[in-house]
Structures are given as C-alpha cells and as structure tokens.
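Per-entry structural report
These are the residues of each chain, in order.
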Amino acid sequence: MALAFDNMTERDRFIWIPGRTFTVGSDKHYPEEAPAHPVTVDGFWMAETPVTNRQFKQFAEATGYVTVAEKAPDPRDYPGAKPEMLRAGSLVFTQPKTVSGADISQWWTFKFGANWRRPLGGLSDLRGKLDHPVVHIAYADAAAYAHRAGLDLPTEAEWELAARGGLDDAEYAWGDEFAPGGVPMANTWSGTFPIHSTKPKGHERTSPVRSFPPNGFGLYDMIGNVWEWTSDYWSTRHPEPAKHSCCIPSNPRGRDAEASYDPRQPEIRIARRVLKGGSHLCAPNYCRRYRPAARHAEPEDTSTSHVGFRCVRRTEGEAK
C-alpha cells in the first residue's frame, strides 16, 4: 500500500490478518489483563512494522505537522503545574547507577527539547536511526499520521489478535518459551532493570525494525522495541466474559473516556488509552509485559522515549 503525503510517497507493507473469534487477555499475570474472554474480530490489514523515523519524517516534512512534545503545554490543562515546567519536551529513560525504592523518577526524566527529532534531548538526532521506530509520539500524533494516510490505529482486540500470530494459547507471540534455545525473539531488556544492561553498546534502546524474527502472520516488532498506541480507552480490567456464545462481543472498541482518567490525579482530566506490546525496557525482574495479552495505560498527552505506533486498514481487498 502506498502512503502519499502530498507529492511524497513512502512504500509500506501491510499484512492481512484473518478475522476470527479468539481469547483476549490472560488470567495468569497482571490483574488488568483479566478476565480472559472471547471476542470476535473482523479481518483487517496491519502494517508490517511500527512507523519508523524515516516514515514520520516524510509525513512531518510534507505536512508541517508539529508533535505534542514540540509544543508548550496549555496551563489550563494542568492546574497547579509549576510554570517553569510548562515547556516543550518529553520523557526520556536514563539508566541509573543505583536505585532506591520504586520511584520511577530515578530513571525517567522530563527533558526540555526532547521529541521525535531529538530522542534523547539536547543535541541528539536521528543519524543512524531512520529505520528505528519513531518515539516521543503522543496519541494525537499517531492519530494524525494515520488519518492523513487514510488509515486508522488498531483497537486493542485487533492489536492482540495480530500479535498472537495465530498462536491463540501461547504465552508469547512466538510460542511458550521466552528465548527458545537461548535466542532472543524481541528487543527487550537484557540484564537487571534498570541498573544493568547486558546488551552490546549502542543497542540499549530501540533497534531497527525487522531486527528480530516476524510472528506467524509476518509482522515484526509486535513485542518489544516500543510500546504501541491503540485506539481504545483504558480500563482497569477487561469486561466479564459472555455467558452464552451468542453474546460474544464483535469488533469491541472504544470504552468509556471518563472511566479512563487517572484517579490518582483527579484535577487533571486527560483520558488514557491502551498501549500494547511492551518495549526495550521490559525485563523479567521488573515488567513482564512482553506478551500479546499485556496492556498498559498511557495518558493521551504523554510521549516517551519508548512509545511508538503502527497503523491498520479495515477495507476489503488486497493492499496496494
């Protein structure tokens, strides 16, 4: 399928995901993944890889689009925020030497000037990273890219069906063993998070798309590398399973925007969406969310150095 941005064209491969009834979620891991329940999803086309820096650069240059991280926040959206913090920027992971307790501010820093063009802030740039997934993308940025290309963002159910690659009962997108034969199947954390990484120097963060084997559908990086936005609002649990086969949800989507608000910040009315897939920061000792059933809440306005996205197309027929 060709994605046309004004007079510029970027070839992008889409894979047909056959529709079916399958089980979403898991009862074996984190509480927000439960209860496991059947849903029916129609067939759709999904991008073979997350959107890359190369693709997003083409979009931004052709349209003049400015991402959320490149704009100063509106003080009306953040009552009580310190004025000096209302500057353009984004969250960047920085590996600490030691940690004390579970406070994530020990490894996450809001860096002024960090955005998709400058992923580490400062004078960092995209040299050597054009084929890495684009990061520092807020929900509005992902939606703008998709809509401009005549595409959509996947629902949570669509994303999970695609990630499973036809292995409905497997723990991972490739089977039941995390690293079969000791071979890593996705870009996840190696070592003890967050203080010690055993990855080769220069590979601690994102990797080029297609660096790891595809799943059964031929999709790359559905697990690890970067978290991916879905269009569904966050819920703390999945709905209870239907009692009768006649009542299995079909193409579920949406949920309640207000119910997605973070109860820990009642003064901030920012909806949260579901992220899927885990990232290069997921580790056995900290975040075992490198599984198709895993899910995570992300405020729509938030961008980080480990969140990206990919697109879907829901029309019938062969992608061109």
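No experiment lies behind these values; they were computed from the predicted model shown.

Checked against the element boundaries, Asn 187 lands in the loop between helix H3 (156–164) and strand E9 (191–192). Take Asn 187: its relative accessible area is 3%, and that puts it in the buried class.

Right, let's get into the packing of aromatic side chains. Within the structure shown, the criterion is met by 21 aromatic pairs. Look at Phe 59 and Tyr 145: their rings are 5.2 Å apart centre to centre, the planes differ by 70°, and that puts the pair in the edge-to-face class. Of this pair, Phe 59 sits in helix H1 (residues 53–63) while Tyr 145 is found in helix H2 (residues 139–148), placing the two residues 86 residues apart along the sequence. Taking relative accessible area as the criterion, Phe 59 reaches 2% and is therefore assigned buried. What links up through ring pairs into an aromatic cluster is the set Phe 56, Phe 59, Tyr 65, Trp 116, Tyr 145 and Phe 309. The ring of Phe 112 carries the charged tip of Arg 87 above its face, separated from the ring centre by 3.8 Å.

The next point concerns the sheet that holds strand E14 (residues 307–308). With mixed pairing, the 4 strands of this open sheet are ordered in space as E13-E12-E11-E14. Taken across any chain shown, the strands that pair with only one partner, and hence form the sheet edges, are strand E13 (296–299) and E14. Packed onto the sheet, H3 meets strand E11 (227–233) and strand E12 (272–276) and runs at close to 140° relative to E11.

For a regular strand, side-chain orientation follows a simple rule: the groups alternate between the two sheet faces. Buried residues dominate E12, accounting for 5 of its 5 residues. As paired elements, E12 and E13 share 4 bridges and run antiparallel to each other. Directly across from Leu 275, in E13, lies its bridge partner His 296.

Between H1 and H2, whose axes approach to 11 Å, the crossing angle comes to 75°. One finds that H1 runs roughly perpendicular with respect to H2. The residues of H2 that touch H1, namely those facing Gln 55, Phe 56, Phe 59 and Thr 63, are Asp 141, Ala 144, Tyr 145 and Arg 148. Taken together, the residues that form the contact of H1 with H2 break down as 4 nonpolar, 2 polar and 2 charged.

Parameters at a glance
- Here the residue index of a chain counts from 1 through its sequence in written order.
- Owing to the predicted nature of the model, reporting of local features is limited to residues with pLDDT of at least 70; listing and counting of side-chain atom pairs is limited to 80 or more, with chain, interface and lining totals taken over all residues.
- Where side-chain values are given, they derive from all heavy atoms of the structure, hydrogens and water being excluded.
- Each helix is a run of DSSP H or I of at least 4 residues and each strand a run of E of at least 2, with the numbering of both proceeding from the N terminus.
- Between buried and exposed lies partly exposed: a residue is buried under 20% and exposed over 50% of the maximum accessible area for its type, with that area taken using a 1.4 Å probe on protein chains only.
- Here a Phe, Tyr or Trp ring, Trp counted by its six-membered ring, pairs with any other such ring whose centre lies within 6.5 Å, and the pair is stacked when the planes are under 30 degrees apart, edge-to-face when over 60, and tilted otherwise.
- Ring-over charges, as used throughout, are those where CZ of Arg or NZ of Lys falls within 6 Å of the ring centre and within 35 degrees of the ring normal.
- Note: two strands are recorded as paired if DSSP finds a minimum of 2 bridges between them.
- Only heavy atoms matter for contacts: two residues are in contact if any of them lie within 4.5 Å across the pair.
- Fitting a line to C-alpha atoms yields each axis, with helices limited to the stretch in contact; the angle taken between N-to-C directions then spans 0 to 180 degrees.
- Here the word oblique covers every angle except those under 35 degrees (roughly parallel), over 145 (roughly antiparallel) and from 65 to 115 (roughly perpendicular).
- Throughout, the ten residues Ala, Val, Leu, Ile, Met, Phe, Trp, Tyr, Cys and Pro are labelled nonpolar, Asp, Glu, Lys and Arg are labelled charged, and all others, Gly among them, are labelled polar.

Just geometry here; none of it tells us what the structure is for.
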